[in-house]
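Spelled out, the chains give:
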Amino acid sequence: MKSLLMTHPDCLQHAMENHPERPQRLQAVMEMLEQSGLSGDMDMKHAVEARTDQLTLAHPLQHVEFIEQSEQPNQVVKVDPDTYMSTGSTRAARLAAGAVIEATTRVLDGEYSRAFCAIRPPGHHAEIAEALGFCLFNNIAVAALTALQRPDINRVAILDFDVHHCNGTVDIFKDNEQVLVCSSFQDHFYPHRFLDFSNDHIITTPMSVGTNGRQFRHLIEKSWLPAIEDFKPDLIFVSAGFDAHQDDPLAEINLNEDDYRWMTKLIISLAGTYTAGRIISTLEGGYNLTSLANSAKAHVEVLIQS
Ligand SMILES: [Zn+2]
(Lines give C-alpha, C1' and ligand atoms only; values in the text may rest on other atoms or scores of the structure.)
Protein backbone atom coordinates (compact mmCIF):
# COMPACT_ATOMS: atom_id res chain seq x y z
CA MET A 1 0.00 0.00 0.00
CA LYS A 2 1.35 3.42 -0.98
CA SER A 3 1.34 6.28 1.50
CA LEU A 4 -0.48 9.55 0.98
CA LEU A 5 1.13 12.97 0.54
CA MET A 6 -1.30 15.85 0.94
CA THR A 7 -0.26 19.34 -0.08
CA HIS A 8 -1.35 22.36 -2.11
CA PRO A 9 0.65 25.06 -3.92
CA ASP A 10 -1.72 27.74 -2.63
CA CYS A 11 -0.31 27.13 0.85
CA LEU A 12 2.54 29.31 -0.50
CA GLN A 13 0.27 32.33 -0.86
CA HIS A 14 0.41 33.01 2.87
CA ALA A 15 3.51 35.24 2.98
CA MET A 16 5.14 38.07 4.88
CA GLU A 17 8.61 39.43 4.19
CA ASN A 18 11.27 38.70 6.79
CA HIS A 19 9.06 36.35 8.78
CA PRO A 20 10.48 32.93 9.77
CA GLU A 21 7.25 31.13 8.84
CA ARG A 22 7.72 31.70 5.12
CA PRO A 23 6.68 29.99 1.87
CA GLN A 24 10.27 28.81 1.27
CA ARG A 25 9.79 26.35 4.15
CA LEU A 26 7.17 24.37 2.29
CA GLN A 27 9.07 24.74 -0.98
CA ALA A 28 12.19 23.30 0.66
CA VAL A 29 10.26 20.32 2.03
CA MET A 30 8.52 19.60 -1.27
CA GLU A 31 11.74 19.96 -3.29
CA MET A 32 13.49 17.56 -0.96
CA LEU A 33 10.66 15.02 -1.18
CA GLU A 34 10.78 15.30 -4.97
CA GLN A 35 14.58 15.17 -5.35
CA SER A 36 14.85 12.17 -3.04
CA GLY A 37 12.16 10.32 -4.97
CA LEU A 38 9.99 10.00 -1.87
CA SER A 39 7.04 11.93 -3.27
CA GLY A 40 7.19 9.71 -6.35
CA ASP A 41 6.76 6.70 -4.09
CA MET A 42 3.64 8.25 -2.52
CA ASP A 43 0.22 9.19 -3.86
CA MET A 44 0.30 12.98 -3.96
CA LYS A 45 -3.03 14.80 -3.73
CA HIS A 46 -3.95 18.46 -3.64
CA ALA A 47 -6.01 19.43 -0.62
CA VAL A 48 -9.38 21.12 -0.73
CA GLU A 49 -10.29 23.90 1.69
CA ALA A 50 -11.72 22.83 5.03
CA ARG A 51 -15.35 23.85 5.27
CA THR A 52 -16.56 26.12 8.04
CA ASP A 53 -18.58 23.29 9.60
CA GLN A 54 -15.35 21.27 9.81
CA LEU A 55 -13.30 24.11 11.33
CA THR A 56 -16.01 24.70 13.92
CA LEU A 57 -15.41 21.22 15.32
CA ALA A 58 -12.43 22.85 17.06
CA HIS A 59 -13.08 26.59 16.90
CA PRO A 60 -16.13 28.78 17.54
CA LEU A 61 -17.71 30.28 14.43
CA GLN A 62 -16.59 33.73 15.62
CA HIS A 63 -12.94 32.67 15.32
CA VAL A 64 -13.42 31.39 11.78
CA GLU A 65 -15.17 34.63 10.87
CA PHE A 66 -12.44 36.68 12.57
CA ILE A 67 -9.79 34.99 10.40
CA GLU A 68 -11.85 35.50 7.23
CA GLN A 69 -12.53 39.13 8.02
CA SER A 70 -8.96 39.92 9.05
CA GLU A 71 -7.59 39.23 5.58
CA GLN A 72 -7.17 42.44 3.60
CA PRO A 73 -6.42 42.70 -0.11
CA ASN A 74 -2.78 43.45 -0.91
CA GLN A 75 -1.63 44.07 2.62
CA VAL A 76 -0.25 42.16 5.54
CA VAL A 77 -2.08 42.41 8.84
CA LYS A 78 -1.14 41.01 12.22
CA VAL A 79 -3.69 38.99 14.16
CA ASP A 80 -1.29 38.60 17.10
CA PRO A 81 2.23 39.99 17.62
CA ASP A 82 3.78 36.96 15.88
CA THR A 83 1.02 35.92 13.52
CA TYR A 84 0.31 37.61 10.23
CA MET A 85 -2.19 37.31 7.41
CA SER A 86 -1.60 38.25 3.79
CA THR A 87 -3.76 38.01 0.73
CA GLY A 88 -4.43 34.29 0.36
CA SER A 89 -3.83 33.42 4.01
CA THR A 90 -7.41 32.33 4.67
CA ARG A 91 -7.28 30.01 1.69
CA ALA A 92 -3.89 28.65 2.76
CA ALA A 93 -5.16 28.06 6.30
CA ARG A 94 -8.32 26.33 5.07
CA LEU A 95 -6.22 24.19 2.71
CA ALA A 96 -3.84 23.25 5.54
CA ALA A 97 -6.72 22.08 7.73
CA GLY A 98 -8.42 20.50 4.72
CA ALA A 99 -5.30 18.48 3.95
CA VAL A 100 -5.18 16.91 7.40
CA ILE A 101 -8.94 16.24 7.34
CA GLU A 102 -8.72 14.51 3.96
CA ALA A 103 -5.68 12.50 5.03
CA THR A 104 -7.65 11.34 8.07
CA THR A 105 -10.72 10.45 6.04
CA ARG A 106 -8.74 8.48 3.47
CA VAL A 107 -6.79 6.62 6.14
CA LEU A 108 -9.99 5.75 8.00
CA ASP A 109 -11.60 4.63 4.75
CA GLY A 110 -8.74 2.15 4.38
CA GLU A 111 -7.19 3.71 1.27
CA TYR A 112 -3.91 4.37 3.08
CA SER A 113 -2.38 3.58 6.42
CA ARG A 114 0.17 6.42 6.46
CA ALA A 115 -0.18 10.02 5.42
CA PHE A 116 2.04 13.09 5.55
CA CYS A 117 0.63 16.57 5.08
CA ALA A 118 3.14 19.07 3.67
CA ILE A 119 1.24 22.23 4.46
CA ARG A 120 1.40 25.65 6.07
CA PRO A 121 0.48 27.70 8.00
CA PRO A 122 1.12 25.34 10.93
CA GLY A 123 -1.62 24.78 13.48
CA HIS A 124 -0.61 23.60 16.94
CA HIS A 125 -0.46 27.03 18.62
CA ALA A 126 -3.99 28.01 17.51
CA GLU A 127 -6.15 27.86 20.62
CA ILE A 128 -9.91 27.43 20.76
CA ALA A 129 -10.60 31.05 19.93
CA GLU A 130 -7.21 32.59 19.26
CA ALA A 131 -4.72 32.65 16.40
CA LEU A 132 -1.23 32.46 17.87
CA GLY A 133 2.37 31.60 17.07
CA PHE A 134 2.11 31.63 13.26
CA CYS A 135 -1.05 29.46 13.46
CA LEU A 136 -4.56 30.43 12.32
CA PHE A 137 -6.55 27.19 12.62
CA ASN A 138 -5.47 24.12 14.59
CA ASN A 139 -5.16 21.70 11.67
CA ILE A 140 -4.47 18.58 13.69
CA ALA A 141 -7.22 19.27 16.22
CA VAL A 142 -9.81 19.70 13.49
CA ALA A 143 -8.69 16.40 11.94
CA ALA A 144 -8.66 14.56 15.29
CA LEU A 145 -12.21 15.70 15.96
CA THR A 146 -13.19 14.60 12.47
CA ALA A 147 -11.80 11.14 13.24
CA LEU A 148 -13.71 10.96 16.52
CA GLN A 149 -16.98 11.32 14.61
CA ARG A 150 -16.44 7.78 13.31
CA PRO A 151 -18.16 5.16 15.46
CA ASP A 152 -15.08 2.93 15.50
CA ILE A 153 -12.70 5.70 16.62
CA ASN A 154 -12.99 6.36 20.33
CA ARG A 155 -9.48 7.40 21.30
CA VAL A 156 -6.87 9.29 19.33
CA ALA A 157 -3.32 10.24 20.30
CA ILE A 158 -1.62 13.42 19.13
CA LEU A 159 2.17 13.16 19.40
CA ASP A 160 3.86 16.55 19.06
CA PHE A 161 7.67 16.75 18.87
CA ASP A 162 7.86 20.35 17.66
CA VAL A 163 10.24 22.30 19.91
CA HIS A 164 7.37 24.53 21.03
CA HIS A 165 4.66 23.38 23.37
CA CYS A 166 1.35 22.72 21.62
CA ASN A 167 -0.66 25.14 23.72
CA GLY A 168 -3.45 25.27 21.16
CA THR A 169 -3.89 21.52 20.95
CA VAL A 170 -3.86 21.35 24.75
CA ASP A 171 -6.44 24.14 25.02
CA ILE A 172 -8.78 22.34 22.62
CA PHE A 173 -8.43 18.90 24.25
CA LYS A 174 -7.76 19.68 27.91
CA ASP A 175 -11.24 18.46 28.90
CA ASN A 176 -11.59 15.77 26.21
CA GLU A 177 -10.50 12.39 27.54
CA GLN A 178 -10.84 10.82 24.10
CA VAL A 179 -7.65 12.60 23.07
CA LEU A 180 -4.18 11.92 24.45
CA VAL A 181 -1.83 14.83 23.78
CA CYS A 182 1.91 14.23 24.23
CA SER A 183 4.12 17.27 23.74
CA SER A 184 7.90 17.60 24.04
CA PHE A 185 9.18 21.16 24.06
CA GLN A 186 11.93 23.50 25.19
CA ASP A 187 11.04 24.46 28.75
CA HIS A 188 10.14 28.02 29.80
CA PHE A 189 9.81 28.89 26.14
CA TYR A 190 7.32 30.32 23.70
CA PRO A 191 4.32 30.47 23.92
CA HIS A 192 4.34 30.45 27.74
CA ARG A 193 0.74 29.24 27.85
CA PHE A 194 -0.45 25.94 29.32
CA LEU A 195 3.23 25.05 29.91
CA ASP A 196 2.45 23.59 33.33
CA PHE A 197 -0.95 22.18 32.43
CA SER A 198 -1.11 18.41 32.57
CA ASN A 199 -3.58 15.69 33.48
CA ASP A 200 -4.04 12.00 32.68
CA HIS A 201 -4.40 12.66 28.97
CA ILE A 202 -2.23 15.76 28.58
CA ILE A 203 1.41 14.69 28.83
CA THR A 204 4.02 17.42 28.90
CA THR A 205 7.71 16.71 28.39
CA PRO A 206 9.77 19.84 28.97
CA MET A 207 13.38 19.78 27.82
CA SER A 208 16.12 22.02 29.17
CA VAL A 209 18.27 24.11 26.86
CA GLY A 210 20.89 21.97 25.14
CA THR A 211 19.00 18.69 25.40
CA ASN A 212 20.61 16.21 23.01
CA GLY A 213 19.26 13.23 21.15
CA ARG A 214 20.14 10.69 23.82
CA GLN A 215 18.41 12.75 26.52
CA PHE A 216 15.42 13.39 24.24
CA ARG A 217 14.96 9.67 23.57
CA HIS A 218 15.15 8.90 27.27
CA LEU A 219 12.53 11.56 28.08
CA ILE A 220 10.16 10.30 25.40
CA GLU A 221 10.48 6.70 26.54
CA LYS A 222 9.92 7.68 30.15
CA SER A 223 7.00 10.10 29.71
CA TRP A 224 5.17 9.24 26.47
CA LEU A 225 5.40 5.45 26.29
CA PRO A 226 3.55 4.59 29.52
CA ALA A 227 0.81 7.09 28.66
CA ILE A 228 0.34 5.71 25.16
CA GLU A 229 0.42 2.13 26.40
CA ASP A 230 -2.27 2.95 28.97
CA PHE A 231 -4.38 4.93 26.52
CA LYS A 232 -4.35 2.45 23.60
CA PRO A 233 -5.23 4.89 20.82
CA ASP A 234 -7.32 3.85 17.81
CA LEU A 235 -5.48 6.36 15.65
CA ILE A 236 -2.20 8.30 15.93
CA PHE A 237 -1.68 11.86 14.74
CA VAL A 238 1.75 13.47 14.61
CA SER A 239 2.47 17.18 14.89
CA ALA A 240 5.78 16.98 13.07
CA GLY A 241 7.74 20.12 13.80
CA PHE A 242 11.46 20.02 13.10
CA ASP A 243 12.59 23.08 15.04
CA ALA A 244 14.20 21.03 17.83
CA HIS A 245 16.98 20.41 15.29
CA GLN A 246 20.41 21.62 16.41
CA ASP A 247 20.61 24.02 13.44
CA ASP A 248 17.22 25.64 13.97
CA PRO A 249 17.50 29.38 14.65
CA LEU A 250 14.43 29.63 16.90
CA ALA A 251 15.33 27.21 19.68
CA GLU A 252 18.20 25.63 21.62
CA ILE A 253 17.63 21.87 21.49
CA ASN A 254 20.16 19.63 19.77
CA LEU A 255 18.30 16.95 17.82
CA ASN A 256 19.36 15.78 14.39
CA GLU A 257 17.91 13.74 11.54
CA ASP A 258 18.73 10.46 13.30
CA ASP A 259 16.56 11.49 16.23
CA TYR A 260 13.64 12.16 13.90
CA ARG A 261 14.18 8.73 12.33
CA TRP A 262 14.18 7.17 15.81
CA MET A 263 11.04 9.07 16.79
CA THR A 264 9.25 8.00 13.62
CA LYS A 265 10.25 4.36 14.09
CA LEU A 266 8.91 4.47 17.62
CA ILE A 267 5.60 5.93 16.42
CA ILE A 268 5.36 3.24 13.73
CA SER A 269 5.93 0.56 16.32
CA LEU A 270 3.17 2.01 18.51
CA ALA A 271 0.86 2.25 15.51
CA GLY A 272 1.57 -1.41 14.75
CA THR A 273 0.47 -2.32 18.25
CA TYR A 274 -2.58 -0.09 18.62
CA THR A 275 -3.84 1.52 15.41
CA ALA A 276 -3.45 -1.15 12.73
CA GLY A 277 -0.51 0.93 11.51
CA ARG A 278 -2.56 4.06 10.89
CA ILE A 279 -0.64 7.34 11.26
CA ILE A 280 -1.47 10.84 10.04
CA SER A 281 1.46 13.22 10.28
CA THR A 282 1.43 16.93 9.54
CA LEU A 283 4.09 19.59 9.28
CA GLU A 284 4.31 22.13 12.08
CA GLY A 285 7.51 24.20 12.65
CA GLY A 286 11.11 24.12 11.43
CA TYR A 287 12.86 27.33 10.40
CA ASN A 288 16.28 26.43 9.01
CA LEU A 289 15.45 25.49 5.43
CA THR A 290 18.21 22.88 5.13
CA SER A 291 17.62 21.11 8.43
CA LEU A 292 13.86 21.36 7.92
CA ALA A 293 14.06 19.68 4.51
CA ASN A 294 16.53 17.02 5.68
CA SER A 295 14.53 16.28 8.83
CA ALA A 296 11.22 16.07 6.95
CA LYS A 297 12.91 13.69 4.50
CA ALA A 298 14.18 11.53 7.38
CA HIS A 299 10.69 11.46 8.91
CA VAL A 300 8.83 10.69 5.68
CA GLU A 301 11.37 8.10 4.56
CA VAL A 302 10.73 6.05 7.70
CA LEU A 303 7.02 6.85 7.83
CA ILE A 304 6.22 5.41 4.43
CA GLN A 305 8.14 2.16 4.88
CA SER A 306 5.60 -0.57 5.37
ZN1 LIG B 1 7.74 25.19 16.72
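Nothing here was measured: the structure is a model prediction, and the numbers come from that model.

Take the overall build of the chain next. Counting its regular elements, the chain contains nine helices and ten strands. Its C-alpha atoms give the chain a radius of gyration of 17 Å, within 12% of the compact-globule value 19 Å for 306 residues. For the C-alpha atoms alone, the extent of the chain along its principal axes is close to 50 × 45 × 40 Å. For the chain, with 306 residues in total, the buried portion stands at 55%. Within the chain, residue pairs in contact and separated by at least 24 positions form 74% of the contacts whose partners lie at least 6 positions apart.

Bringing the sheet that holds strand β9 (residues 235–240) into the picture now. Strand order in the open sheet made by the eight strands is β2-β1-β5-β10-β9-β6-β7-β8, with parallel pairing throughout. The open sheet has two edge strands, β2 (43–46) and β8 (202–207), and neither has a second partner. On average, each strand axis in the sheet is tilted by 15° relative to the strand beside it, whichever way the strands run. As paired elements, strand β6 (residues 156–160) and strand β7 (residues 179–186) share five bridges and run parallel to each other. Bridging across to β7, L159 finds its partner in C182.

This next bit is on the environment of R155. Looking at the element boundaries, R155 is found in the loop between α5 (139–147) and β6. The class for R155 is partly exposed, based on 18 C-beta atoms found within 10 Å. It is 31 Å that separates the C-alpha atoms of R155 and M30, two residues lying 125 residues apart in sequence. In this structure, R155 is in contact with Q178, F231, K232, P233 and D234, ignoring residues within four places of it in sequence.

The subject of this paragraph is helix α1 (residues 23–35). Between its first and last C-alpha atoms α1 spans 18 Å; for 13 residues at 1.5 Å apiece the expected length is 18 Å, and the two agree. Those residues of α1 not exposed but buried are R25, L26, A28, V29, M30, M32 and L33. Note on α1: the residue one or two positions beyond its end, G37, has a positive phi of about 85°.

The two faces of the sheet receive side chains in turn, since in a regular strand these alternate between them. In strand β1 (residues 4–7), alternate side chains face the same way, and those of L4 and M6 on one face and L5 and T7 on the other are all buried. Where β1 and β2 come together, four bridges link them in parallel fashion. Along β2, the bridge assignment pairs M6 with K45. Crossover handedness for the path β1 to α1 to β2: right-handed.

For helix α8 (residues 257–274), with 18 residues, the first-to-last C-alpha span of 26 Å sits near the 26 Å given by 1.5 Å per residue. Within the span of α8, buried status applies to D259, Y260, M263, T264, I267, L270 and A271. All buried residues of α8 lie within an arc of 135° about the axis, which places them on one face of the element. Across from the buried face of α8, at angles greater than 90 degrees, the exposed residues are D258, S269 and G272. Against the buried residues of α8 lie β6, α7 (213–231), β9, β10 (279–283) and α9 (289–303). Of the residues flanking the end of α8, it is A276, one or two places downstream, whose phi is positive at about 55°.

This part covers unusual backbone geometry. The peptide bond linking R120 to P121 adopts the cis configuration, its omega dihedral lying at 0°. With respect to the helices and strands, the residue P121 is situated in the loop between β5 (114–118) and α5. In this structure, P191 follows Y190 across a cis peptide bond, with omega equal to 10°. Among the secondary structure elements, P191 is positioned in the loop between β7 and β8. Phi at H192 is positive, roughly 55°, even though this residue is not glycine. Tracing the chain through its elements places H192 in the loop between β7 and β8. Taking the number of C-beta atoms within 10 Å as the measure of exposure, H192 has 9 and is therefore exposed. Residue K232 is not a glycine yet carries a positive backbone phi of 50°.

Reading the values: the criteria
- Residues numbered from 1 in each chain as written.
- Predicted model: local features only at pLDDT ≥ 70, side-chain atom pairs only at ≥ 80, totals over all residues.
- Helix = DSSP H or I, 4+ residues; strand = E, 2+ residues; numbered from the N terminus.
- Rg over C-alpha atoms; globule rule 2.2 N^0.38 Å.
- Buried ≥ 20, exposed ≤ 12 C-beta atoms within 10 Å, placed from the backbone.
- Contact = placed C-beta atoms within 7 Å.
- Pairing = 2+ DSSP bridges.
- Axes fitted to C-alpha atoms, helices over the stretch in contact; angles between N-to-C directions.
- Expected span 1.5 Å × (residues − 1).
- Right-handed = clockwise from strand over helix to strand, strands pointing away.
- Arc of directions from axis to C-beta.

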